[in-house]
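Fold and geometry: a report
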Amino acid sequence: AEAFEWFGNSLRAGRLAHGYVVVGSPRGNASEFARAALDLLYGGGQASQRAGAGSHPDATWIEPRLKSRLIGIEQVRSIRQKMSQTAFEGGFKACVIISADRLGTEAANAFLKTLEEPSGKTVFFLLTDRPEALLPTIISRCQRISLGGITVELADEWRLEVMNMLAQGIRTGFIDAIGAAGKLGEVLTGIK
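Residues numbered from 1 in each chain as written. Predicted model: local features only at pLDDT ≥ 70, side-chain atom pairs only at ≥ 80, totals over all residues. Heavy atoms only, no water.

1. Some remarks on unusual backbone geometry
- A positive phi angle is found at Ser99, which is not glycine, with a value near 55°.
- Mapped onto the elements of the fold, Ser99 is located in the loop between β3 (93-97) and α5 (105-116). (Helix = DSSP H or I, 4+ residues; strand = E, 2+ residues; numbered from the N terminus.)

Have a look at this one:
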């Protein structure tokens, strides 16, 4: 509710960013936030319903392709072309990227160019539960909206240690997994 109120205040004040990294469940609360934000952008009613359903001509939803589980360069090029055009119904053009952390390297770099040179009244919502997987240059050009829960970002050396502990617990059984859970707690809190 607080994040949504902040977004609404930014819209009313005319201070919207061109990009928002929405940290939450891409198909859960982050998607709900994007639909509510689109409702504000398009003023409610039928236009908002079409935007939330992905059938509004000025609102685009993209997600990873089923086989590759990546968002490809072709999808980003399509977004870039669509977002550079004049809005069909006037007002805002919006793009929601579900699981934005699944942008392939080439696609992420192409998207960065789109984000750096947005046309007027263009808003991107990058939905992710893994913001650390996005390019730092993308994150630096977006406002971050964290939705509930605690987001833990592990440094690479800790991530490897955590994965090794979990793998060891699976191999050695339940009793050893309890000991690994205690060690995992120490790692996550930074106590060695």
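2. Notes on the nonpolar core
- Ranked by size, the top nonpolar core spans 25 residues in total, and within it Phe33, Leu38, Leu41, Tyr42 and Phe125 carry the most contacts.
- Listing elements by their share of this core, those giving two or more residues are α1 (2-12), β1 (19-23), α2 (29-41), α3 (45-53), β2 (59-62), β3 and β4 (122-128).
- The element contributing the most residues to this core is α2, with six residues.
- Within the second largest apolar cluster, 23 residues are counted, among which are Cys95, Ala108, Phe124 and Ile138. (Core = buried A, V, L, I, M, F, W, Y, C linked by side-chain atoms within 4.5 Å. Buried < 20%, exposed > 50% of the residue type's maximum accessible area, 1.4 Å probe, protein only.)

3. Here's the deal with the pairing of β4
- Along β4, seven of the seven residues are buried, which leaves the element largely enclosed by surrounding structure.
- Here β4 shows two buried faces, one formed by Thr122, Phe124, Leu126 and Thr128 and the other by Val123, Phe125 and Leu127.
- One ladder, built from five bridges, connects β1 with β4; its direction is parallel. The residue bridging Gly19 from the neighbouring strand is Phe124, located in β4.
- Bridge count for β3 against β4 is five bridges, and the pairing is parallel. Each residue of the ladder has a partner; that of Lys93, found in β4, is Thr122.
- In this fold, the crossover linking β3 to β4 by way of α5 has right-handed handedness. (Pairing = 2+ DSSP bridges. Right-handed = clockwise from strand over helix to strand, strands pointing away.)

Honestly, that's just the spatial picture; any functional story needs more than this.
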